[in-house]
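Spelled out, the chains give:
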Amino acid sequence: MSKLLSLSEAIARYVHDGDLVYASGFTHLIPFAAGHEIIRQRKRDLILARATPDLIYDQMVAAGCARKVIFSYMGNPGVGSLRIVRGAIERGELEWEEYSHFGMISRLRAGAAGLPFMPMNPTAATDLERANPNIRRVTDPYSGREVITVPALNPDVAIVHVQRADPNGNAHLWGIIGEQREAAFAAKRVILTAEEIVDEATIRSDPNRTLIPGLVVDAVCHVPYACHPSYAQGYYDRDNQFYLEWDTISRSPESVREWLEEWVYGVKDRAEYWEKLGPETHARLKVAPRLSEPVNYGDY
Amino acid sequence: MSEKPYTRTELMICVAARLFEDGTTCFIGTGIPMLAAMLAARTTAPHIVPVFEFGGTGAILEELPRAVGEARTWHKGLSALGICDTMEAAQRGFIDYGFLGGAQIDPYGNLNSVVIGDHDHPKARLPGSGGGNDIGSSCWRTIAIMQHQKRRFVPKVDFITTPGYLTGPGAREAAGLPRGSGPIAVVSTLALMDYDPETLRMRLKAVHPGVTVEEVIENTGFDLIIPDEVGVNEPPSAEELRLLREEIDPEGLYI
């Protein structure tokens, strides 16, 4: 059954005020288009969980969508500080909860596996344990050793971007895969955005690449260029220049407001946003093809 | 081009690059560690397997990655995994070295990248652990690369993000970390440090050319162990400088 929806319908239907949202992707495949649609629909009081909040959550916090962030690395990757989230935390305006990367993704892994918590080897994270009572210890019943535990994370909604999916949400993705798969399996509802919608036969031609099966997906949205300024392997490059520009934009509330006005509220959807970026940016982010060798699944 | 005098940052990168052991598997943090890995792969350690925490493994580092999840972190790589895979590989003991940085370091090599001041009411909120805590806990050996300043080399870090030797001998083992693991070196803008095997406190090993022992002491906020013999690091060779300036960071993003 087709799960195709427009992105605005999917966000209206599946993201509610107060939800715990996990927009997945480590540097790669960050679903900016969905973040912007959440801003446009003026969702409020969200708990925004992401290992690396990145600019997507900086923008959503700036737009007033969030009451809390859960993270493990809050920086502008390769540039410096994530000014808006950082400022809001320093002023005491935003609740936060933090882990190490491994702690954060172990929470998702437990959630994805349907387990109540995940044990981890000791990490000497005593200061993190003091800072976050969710990080606890139990005795391994087999060896008698202490292990660290983190509770399962089951987001109300996960947003996952992929290179291609069929209308049922069977999705092919490639490149570094961050925590996409864990986020999709852990969440109660999954919104998939895809560079391309393909027929089921394309998916069936290479099932090992189906890292997210349609059975965990609720909505499939065709949103080309959904990741900018993040990247989609093989489709377009990361806009490192914009990550640098954001460092300047995010220095003052006025310039952030102007930016949101122009690039989020001022455009209807991602197609209009991409168009507005203009041919120079399109050309700069273009990547040359490099195809993998085909594999032979055999005809049985 | 190579006739331009080298900077302390360039020298720091060269000293760090020479510490890579060929054939080993190394976690590479953002920024300076990436440049050091690229230089090592082009000179003394052509067979290292770089691992970037978000999943890139075994890249051929032709172009400088701008972030640890960028496509260039696994360019023509051996595998593109997820962050669970790389972190679990470290937990299983498959990663030999971790190259990382922090805002503060103490005499036992503990690093802080979480907060300056009180955690709940921070004076300055830093990015957080990222993979720092995990890499410092699970990699066999870690090497820190730091700007050498008194406010960064402190007697006690405000928050232990990445464990070094914690409070001294036996503390890592008591915390459940593998015996024989821990920090082995600090490369700074002034010198190369290691750790005294008895006390596990930081010890000056070699100063950069033109830097005095006094200058290192003045810029360190705790008592650094000064051995009878302090070496002097080799300055960058013409070839190291050429690689850094022409191939690795031609846009001058870090150097």
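Here, every reference points to the structure presented above.
**Student:** Looking at this model, I keep getting lost on the overall build of chain B. Mind explaining?
**Tutor:** Broken down by element type, chain B carries seven helices and 14 strands. In terms of overall dimensions, chain B has C-alpha extents of about 45 × 40 × 35 Å along its principal axes. Looking at chain B as a whole, 58% of its 255 residues qualify as buried. Counting contacts in chain B only where the partners sit at least 6 residues apart, residues at least 24 apart contribute 65% of the total. Of the accessible surface of chain B, which amounts to about 9,900 Å², a share of 52% is contributed by carbon and sulfur atoms. Averaging the locations of the 22 positively and 33 negatively charged side chains of chain B gives two centres separated by 3 Å.

**Student:** Would you take a moment to explain the pattern of salt bridges for this structure?
**Tutor:** In this structure the tally under the stated criterion is 35 salt bridges over all chains. The shortest N-O distance in the salt bridge between D156 of chain A and K188 of chain A comes to 3.2 Å. Taken together, the residues span a long stretch of sequence, with D156 of chain A in the loop between β9 (146–151) and β10 (157–165) and K188 of chain A in the loop between α7 (180–186) and β12 (189–197) at a distance of 32 residues. Its relative accessible area of 54% is what places K188 of chain A among the exposed residues. In this structure, K268 of chain A and D269 of chain A form a salt bridge, with 4.0 Å as the shortest nitrogen-oxygen distance. By relative accessible area, which is 28% here, D269 of chain A ends up partly exposed. Several salt bridges share partner residues, and in doing so they unite R42, E239, R242, E246 and E247 of chain B into one network.

**Student:** I tried to follow the sheet that holds strand β8 (residues 136–139) of chain A on my own but got confused; where do I start?
**Tutor:** One key point about sheets: their strands pair by backbone hydrogen bonds, in either a parallel or an antiparallel sense. All names here are of chain A. Across the sheet, three strands lie side by side as β7-β9-β8; this open sheet has antiparallel pairing. The open sheet is flanked by β7 (117–120) and β8, the only strands paired with a single partner. On average, adjacent strands in this sheet sit at an angle of 40 degrees to one another, irrespective of strand direction. As judged from the four bridges shared by β7 and β9, these two strands associate in the antiparallel manner. What sits directly across from P119, in β9, is T149. Strands in contact with helix α5 (residues 101–113) are β7 and β9; relative to β7, the strand with the most contacts, it is inclined by about 135 degrees.

**Student:** How should I be thinking about the packing of helix α1 (residues 8–17) of chain B against helix α7 (residues 238–248) of chain B in this particular structure?
**Tutor:** What describes two packed helices is the angle between their axes and the distance between those same axes. All names here are of chain B. One way to put it is that α1 packs onto α7 with a least axis distance of 11 Å and a crossing angle of 110 degrees. On the basis of their axis angle, the class for α1 and α7 is roughly perpendicular. Of α7, the residues touching α1 (which contributes E10, I13 and C14) are E240, L241, L244 and R245. For the contact of α1 with α7, the residue count by class is four nonpolar, no polar and three charged.

**Student:** Would you explain the interface of chain B and chain A in this entry?
**Tutor:** Size of an interface: often given as the accessible area lost when the parts come together. Tallying the contact residues gives 45 residues for chain B and 45 residues for chain A. When the buried surface of chain B facing chain A is broken down by residue, F54, R125 and P127 of chain B rank first, second and third, together holding 18% of it. Counting the contacts that link chain B with chain A gives three salt bridges. A salt bridge links R125 of chain B to E98 of chain A; the nearest nitrogen and oxygen atoms lie 2.7 Å apart. Where chain B touches chain A, the interface holds 22 residue pairs in polar contact (both at pLDDT 80 or more). Sorting the residues of the side of chain B that touches chain A by element identifies α3 (83–91), β9 (122–125) and α4 (132–138) of chain B as the ones contributing at least two each. Top contributing element to the side of chain B that touches chain A by residue count: α3 of chain B, with five residues. Taken together, the residues of the side of chain B that touches chain A sort by class into 21 nonpolar, 14 polar and 10 charged.

Thresholds applied
- Residues numbered from 1 in each chain as written.
- Chains lettered and ligands numbered in written order.
- Predicted model: local features only at pLDDT ≥ 70, side-chain atom pairs only at ≥ 80, totals over all residues.
- Heavy atoms only, no water.
- Helix = DSSP H or I, 4+ residues; strand = E, 2+ residues; numbered from the N terminus.
- Buried < 20%, exposed > 50% of the residue type's maximum accessible area, 1.4 Å probe, protein only.
- Contact = heavy atoms within 4.5 Å.
- Areas by Shrake-Rupley, 256 points an atom, 1.4 Å probe, with all protein chains shown as cover.
- Lys, Arg positive; Asp, Glu negative; His and termini not counted.
- Charge placed at Lys NZ, Arg CZ, Asp CG, Glu CD.
- Salt bridge = Lys/Arg side-chain N within 4 Å of Asp/Glu carboxyl O.
- Pairing = 2+ DSSP bridges.
- Axes fitted to C-alpha atoms, helices over the stretch in contact; angles between N-to-C directions.
- Parallel < 35°, antiparallel > 145°, perpendicular 65-115°, else oblique.
- Nonpolar A, V, L, I, M, F, W, Y, C, P; charged D, E, K, R; others polar.
- Buried area = accessible area lost by both parts, 1.4 Å probe.
- Polar contact = N/O pair within 3.5 Å; in protein donor to acceptor, adjacent residues only side chain to side chain.

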